[in-house]
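Listed below, chain by chain, are the residues.
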Amino acid sequence: MGWPDYVGGHVSRGYIEVGMRFRVLGPLEVLENAEWQRLGAAKPRLMLAVLLIEANRVVSRDRMADHLWDERPPQTVGNQIHGYAARLRRLLGADRLITQPPGYRLYVEPQDTDLGQFTALAERGRKALGAGDPEAATEALSKALGLWRGTAFEDVPAIPLVAAEVQRLAELRIAAVEDLAQARLDRGEHAQVVTELAEEIAQRPLRERLRELHMLALYRSGRQAEALTAYAELRAALADELGIDPGEPVKQLHERILRSDPTLAPQSHAATVPVHQLPADIPDFSGRAEQLAYVLDTLKSRQDNGPPPIVVMAGGPGVGKSSLAVHAAHTASEGFPDGQIYLELAGTSNQPRDPAVMVAEVLGALGVPGALIPSSLPARASLYRSVLAGRSLLLLLDDAADSSQLRPLLPPTGRCAVMITTRRQLGDLPGARHVELDVLSPAAANRMFTTIVGRDRVDAEPVHADAIVRACGYLPLAIRIVGGKLAGRAHWPLRMLRERLEDESRRLDELRTGDLGVRASFDLSLRTLPADAVQAFAMIGLLGAQSVPAWVLDPLLDRHDTDEILDVLLDANLIRLTGTDALGQPRYRLHDLLRAYAVEAAAAYPEVEAALIRHLATRLWLAEQAAEGLPPGLLRPIPGTSPRRALPKTLTQRLISDPMAWFEGERAAMLEAVALAAERGLDELAWELAAAMVPYYDLRSLHQDWERSHRLALTACTANNPRGTAVLHNGLAQVQIYRDEFDAATDNLRQSLHLAQQAGDRRGEALAIAGQATVARVLGHHDDALNKATRALEIVTTARDRHIEAALRNGIAVIHLAAGRTEDARTWFRDALELSRELDDVHREAVVLREMSQLHRNLGATASALDCLHRAQAIFEQLHDQRCLAYTLLRIGHIQAQQQEPTRTTKTLTRAAGLFEGVGDRADEARCWQLLGELDAEQDDHAAARTHLGRALELWQTFGADPQASAVRQQLHRLSN
C-alpha cells in the first residue's frame, strides 16, 4: 500500500482498537456506524480495493477503467466510474476520497487499516526478536497475526493488481508466522510450535524456513526421530518438485540434530526461562556478617575467561551451613541472570547421591530432553559442561560427601559460580575458598533468638532469654527449634522454657556444641508435638534418604486422616517440602540429622515392624495396580504370599491415573523399599517388590535399576525362599540376555530352574527353561533350543498357562525358521496366532505377526510380510510399546531397503532409531543408522552415508562392539576412497 512516509513505530493497544476504518486481511470491510460492513456490489468493492492498494496516490480514470473492465470498458465508463466514486465518497467521507485530476486519491493513514497495524506490529515484533526479547516479540507478533481473518482481499476479483498484492501480503504473513515461531521457540514453547507449524507446512510444503523451525521444535520436544523424518520429507519434496536439495541452513540443522548437538536443545529455553531452584530465603537470618561478606566477595570475583569461583562452607552439624549458603545465594542472585541451581547431595546419608543422576537432573532443568541425556557419567558431564558454557548460573551444592562427588558438577567457566556445604574438609578441591563455621557468638545468638521470638517478649524477660540461648549452646539449629516453639506459643512466658531447659530430667543432655546439643534440641521440640505426630516423625525416618509423598503416613500409622499430622510436622520444621514429582504431588524429606534422630526415636515403638510391613505392602499393591496400565508382559510372576494394603479408591485413582508417571516418580523410592525389606529380613516382600517393578524396568530398558533391585532382594532370599530366589535369578537372566551376557544368563537360568522345581513353581520352571531356549537359539544351537522350548511348552500346557503357551509356540516357530524348517515354522506360527487371538492377547498377537513376517520374507512373499508388520505396528502403537514398535519398524525398514525405496526407508529407520534411543537400546539404534548409511552409499549419497555410518560407529564403540565397529570403519574407508 502507498504510504511512503510511514516507517513503522509503536502501536499501542488502544491505537489498534479505535483507529481502524478498513479491513483487507480477509474480506474487504469498511467501518460504518461502529459496525463492519461489506460492499454488496462487485465494481465499487473492486474500486475501493484498487484505491486502498494505491492509497495516498492518484489513480487516473483510465487506469481505473483498465482495472475494472480489463481493456474492454463500456461506452459509459466515465459516468460509471464517477458514480462508483460518489457512492464511495458518501460512505467514506469527502475529506478522505477526493477528486484530483486526472482521477481520484484515497487518503489513508497507517492506523486506518488492519494491514497498516499488522505491518507496525510485525515490525515491532521483529525488532524485539532481534533484540533478544522473545516475550515482547511473541506479544506483538501474536497481535499482528490475530488481525488476519482469511486470505487478503478475499471477496475481491483477482485482477492482476489485486492478485499481486494478495501474494505480497501472503509473504508478509508467513514471514510473521516464522518470526512468531522463532520467538516462541526462544520461550521454550516447543510442543505448541510443532502443531502450529505442521498446519502451515501442509499449505507450503517447500518453504524451507518453516521446515527448519518445525525440525527444531520437534527436536527440542524430545522427538529427534521425527525431526529427522521432517528433513527427509523436505528433501524428497524438493527433489520431486524442483530437482534441488535443501539449502545450507536446513542441511546444517539436520547434521546438528543427527549428532545430538548439545547446544541445540537447551540454550534458547534456558536463556529465556531462567531456573530458580533456591529454597526460600531465611527470614530470620542473623549473624555471620563476616562470613557472608567473604562468600559474596568470592562470588563477585569471577571472570568470564577464568575458572569458576568455588566457596566451601564447612562445619559441624547444626551450625547453619545451609542457612548461610541459601541467604548468600539469594543475596547474590541478581548477578546470575540465567538462574540458580540447587542440589541436595545427601553426603551425610548412607547413600550419597550419584553424580550421574544429579548431572541428568540439572540437564533436565535446563531444557535438555531426557532422550538426549547420555547414559554414562563421563558423557553426561561433557554434555553438562557444554550446556553450562556461556551461561551465568549460580550452583548451590548442599551437603557434599567428598570431592569426587562434586567434580562432575563443576561448571567450565567463570561465568558461573559454586557454593558448597559439607561436614567434611575438602582440601583436595583445587581453587576452592573455604569458610569454617562454628557456633554463633553470644551477641549473634541473642539477635537470632530475638528475631524469631519478638523484641517485646525478650525485653520483658531478658535474663531468661539469655539463659535460653546459653542452654542452646549458641548452636543455630537448637536456637531455631526453641525459638520456633516460643513463637508458636505466644502465651508462654520465657521463664517456662528456661526451666524446661535447665531441668536435666527433661533433657537427654545439656545443650552444647556437637551431636549432643542437636539431639537435646530435637527432643525438646518433639515433646510438644501430639503423640501421633511424634510417631509419624519417627516412622518416616525409617524409610531412608529418599523423598516421600504424603500418602506414606497412611500405612505407617494405619489410618487415612494423616493430612493434619503432616501439617504439624511442617509447621515444626521437622520435615520439609522438596518439590513435586512426575504426578505433580508434593514430596517431603527429613533433614539427614533429623532422620538420624527419628531412627533413634523409632526404637521406642514396638509396632515399628508392623508399620514398615504396612508401608511396603502398600507400595507393592500400588506397583501392581500401576503395572496393570502398562503393556502386558510375561515377566510378571504369580503373586507370592506378601501382604497387600490398598489405599482409598479416590487416592489410588489419582496416584495411578498415569501409571508411567507413578513409576517414574517412585523409581528411587521403590529401590529404597526393596533395600529396606531386604535389610529387615522381609524376604517375601523384598522379591515381590523387585519383581513388581520389572514391567516398568522392561518397558524403559532400565537395566541397571532392574539388576540392582534383584541383587538387593537376593540378599534376603535364601534357601528358605526358593520360589522368590528363582524369580530373582530369572529376572537377572533376562537383563543379561538383553546385554548379550549369555554365560551369566545361563548360570542364573540354571539356578532359577533348580529353585523353581524345588518350590513346585511350574510357571517359574517353564519360564526358566524358555529363557534357556532363547539363549540357545541366539547362539545358533537350534536343536537344543527346540528341545528346551518344547519341554517348557509341555509344562505350561499341563499347567494351563495359555498366555505363556502362546509365547512359547511363537518361540518354537522362530527356532524352526532359524533352522530352515519353513513348513514347521508356518504351523507353529499359525497355532500361536490363533491362540493369541483366542486369548484376546493383542500384544502377543502383534509379536507373532512381527516374527511371522520373516517366514513370508523367506518364501519371497514380501507383500504378506509387510502386511504382518503393519498390523503389528498398529497394535504396538496403540499399546504405546515403544521398544516392540522399534523392532517392528526396523524390520519394515529392511524390506523397504530391499525394495529400493530410499525415501520410505529413511523415514522408517530414522523413526526406529529414535525409538531405540528413547528406550536405551543402543545396539539396535546403531543397526538402524548402519542400514541407513549402507542405503545412502548405494544411492551414491556419500555425505549422508558418512553421517549415518559415523553415528553407527559412535554407538558401536560406546559399548565395545568391536566386530560391528570394524565393519562400519571399513565401509567408511571405502567411501573415503
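From a predicted model like this one, the values you see are computed outputs, not experimental measurements.

Chemist: What's the story with the pairing of strand β14 (residues 576-580) in this structure? I'm lost.
Modeler: Working note: regular strand, side chains alternate between the two faces of the sheet. Looking at chain direction, β14 and strand β15 (residues 586-589) are connected through 4 bridges and run antiparallel. Opposite R576, over in β15, you have R589 as the bridge partner. Counted between consecutive antiparallel strands, the loop separating β14 from β15 contains 5 residues, among which G584 sits at a positive phi close to 85°.

Chemist: What exactly am I supposed to notice about the nonpolar core here?
Modeler: Nonpolar side chains tend to gather and get buried jointly when the protein is soluble and globular. Core analysis: the biggest nonpolar cluster contains 127 residues, and M47, L48, F118 and F153 have the highest contact counts within it. Tallying contributions element by element places helix α7 (residues 160-186) first for this core, with 10 residues. Filtering out sequence-adjacent residues up to four positions away, M47 remains in contact with M64, L68, I81, Y84, A85, L88 and Y104. Listed in part, the 77 residues of the second largest apolar core include M539, L542, I565 and L574.

Chemist: Would you take a moment to explain the sheet that holds strand β8 (residues 310-315) for this structure?
Modeler: Hydrogen bonds between backbone atoms are what pair the strands of a sheet, whose relative direction is either parallel or antiparallel. Spatially, β7-β9-β10-β11-β8-β12 is the arrangement adopted by the 6 strands of the open sheet, whose pairing is parallel. Edge positions in the sheet fall to β7 (275-276) and β12 (432-437), since each of these pairs with one other strand and no more. Packed on one face of the sheet, helix α13 (residues 289-300) meets β8, β10 (394-400), β11 (417-422) and β12 and runs near 170° to β12. Most of the contacts of helix α14 (residues 321-332) go to β11, to which it runs at about 165°, and overall it touches β8, β10, β11 and β12.

Chemist: Quick question: what am I supposed to make of the confidence of the model for the chain here?
Modeler: Low-confidence regions, as indicated by low pLDDT, have predicted coordinates that should not be scrutinised in detail. Taken residue by residue, the chain gives an average pLDDT of 84. The fraction at 70 or more is 92%. Looking at the elements of the chain, mean pLDDT is at its lowest for helix α1 (residues 13-18), recorded as 38, and at its highest for helix α31 (residues 683-692), recorded as 95. Predicted confidence is poor over residues 1-18, with pLDDT under 50, and the contacts of this stretch with residues over four places away or in other chains come to 32 contacts.

Chemist: Is there a simple way to explain the packing of helix α2 (residues 42-53) against α7 in this structure?
Modeler: Between two packed helices, what matters for the description is the angle formed by their axes and the separation of those axes. Put simply, α2 and α7 touch, their axes get as near as 10 Å, and they point 55° apart. The orientation of α2 with respect to α7, classified from their angle, is oblique. Regarding α2 and α7, the two cross each other, and that crossing is left-handed. Only L161, V162 and E165 of α7 make contact with α2, whose side of the interface consists of L46, V50 and I53. Classifying every residue of the contact of α2 with α7 gives 5 nonpolar, no polar and 1 charged.

Chemist: Looking at this structure, how should I read the environment of H703?
Modeler: Summarising the element assignment, H703 is placed in helix α33 (residues 703-714). Linking H703 and Q736, residues 33 residues apart in sequence, is a C-alpha distance of 8.9 Å. The contact partners of H703, leaving out residues within four places of it in the chain, are V735, Y738 and R739.

Chemist: How should I be thinking about the environment of R645 in this particular structure?
Modeler: Checked against the element boundaries, R645 lands in the loop between α28 (608-627) and α29 (649-655). Along the chain, R645 and R946 lie 301 residues apart, while their C-alpha atoms are 57 Å from each other. Once you skip the residues sitting within four places of it in the chain, R645 turns out to touch D554, P555, D558, R559, H560, R614, A617, T618 and W621. Looking at R645, its side chain comes within polar contact range of the side chain of D558, at 3.3 Å.

Chemist: Is there a simple way to explain the packing of aromatic side chains in this structure?
Modeler: In this description, a pair of aromatic rings is defined by centroid distance and the angle of the planes. This model, assessed by the stated rule, comprises 7 aromatic pairs. Ring centres of W662 and F663 lie 5.2 Å apart, and the angle between their planes is 80°; on these two criteria the pair is classed as edge-to-face. The exposure class assigned to W662 is buried, which follows from its relative accessible area of 0%. With a centroid separation of 6.0 Å and an interplanar angle of 45°, the aromatic rings of Y696 and Y697 are classed as tilted.

Chemist: What am I meant to see in α7 here?
Modeler: For an α-helix the count is 3.6 residues per turn, leaving residues at separations of three or four pointing the same way. With 27 residues, α7 should reach 39 Å at 1.5 Å per residue; the first-to-last C-alpha distance of 39 Å fits that figure. Downstream of α7 by a residue or two, G188 has a phi angle that is positive, lying close to 90°.

Chemist: Even after reading the chapter, I still don't get the state of the cysteines, so can you show me in this structure?
Modeler: Put plainly, a disulfide is one covalent bond tying together the sulfur atoms of two cysteines. Tallied over the full model, the rule gives 0 disulfides. C928 supplies the cysteine sulfur nearest to C884, a cysteine that is in no disulfide, at a spacing of 14 Å. Judged by its relative accessible area of 10%, C884 is buried.

Chemist: Just to check I follow, could you spell out the pattern of salt bridges for this structure?
Modeler: A full pass over the atoms with the stated rule returns 62 salt bridges. The shortest N-O distance in the salt bridge between R57 and E54 comes to 3.1 Å. Taking relative accessible area as the criterion, R57 reaches 39% and is therefore assigned partly exposed. Taking relative accessible area as the criterion, E54 reaches 12% and is therefore assigned buried. Residues joined by salt bridges that share partners form a network here, namely R23, E29, R38, D114 and R149.

Chemist: Is there a simple way to think about the packing of helix α18 (residues 442-453) against helix α21 (residues 476-487) in this case?
Modeler: Following both chains from N to C, one finds α18 and α21 inclined at 30°, their axes separated by 8 Å at the closest point. With respect to α21, the axis of α18 lies roughly parallel. Two packed elements cross with a definite hand, and for α18 against α21 that hand is right-handed. Residue-level contacts link A445, M448, F449, I452 and V453 of α18 to P476, I479, R480, V482, G483, G484, L486 and A487 of α21. Split by residue class, the contact of α18 with α21 holds 10 nonpolar, 2 polar and 1 charged.

Chemist: How should unusual backbone geometry be read in this particular structure?
Modeler: A cis amide bond, omega 5°, links P101 with the succeeding residue P102. Of note in the backbone geometry, A346 takes a positive phi value of approximately 55° without being a glycine. Looking at the secondary structure, you find A346 in the loop between β9 (339-344) and α15 (355-365). Its identity is not glycine, yet D940 carries a phi of approximately 60°, on the positive side. By the element assignment, D940 lies in the loop between α44 (922-938) and α45 (942-958). Residue D940 is classed as exposed on the basis of its relative accessible area of 62%.

What counts and how
- Residues numbered from 1 in each chain as written.
- Predicted model: local features only at pLDDT ≥ 70, side-chain atom pairs only at ≥ 80, totals over all residues.
- Heavy atoms only, no water.
- Pairing = 2+ DSSP bridges.
- Helix = DSSP H or I, 4+ residues; strand = E, 2+ residues; numbered from the N terminus.
- Core = buried A, V, L, I, M, F, W, Y, C linked by side-chain atoms within 4.5 Å.
- Buried < 20%, exposed > 50% of the residue type's maximum accessible area, 1.4 Å probe, protein only.
- Contact = heavy atoms within 4.5 Å.
- Axes fitted to C-alpha atoms, helices over the stretch in contact; angles between N-to-C directions.
- pLDDT = per-residue confidence, 0-100.
- Parallel < 35°, antiparallel > 145°, perpendicular 65-115°, else oblique.
- Left-handed = near helix turned anticlockwise from the far one by under 90°.
- Nonpolar A, V, L, I, M, F, W, Y, C, P; charged D, E, K, R; others polar.
- Polar contact = N/O pair within 3.5 Å; in protein donor to acceptor, adjacent residues only side chain to side chain.
- Phe/Tyr/Trp six-rings, centres within 6.5 Å; stacked < 30°, edge-to-face > 60°.
- Expected span 1.5 Å × (residues − 1).
- Disulfide = S-S within 2.5 Å.
- Salt bridge = Lys/Arg side-chain N within 4 Å of Asp/Glu carboxyl O.

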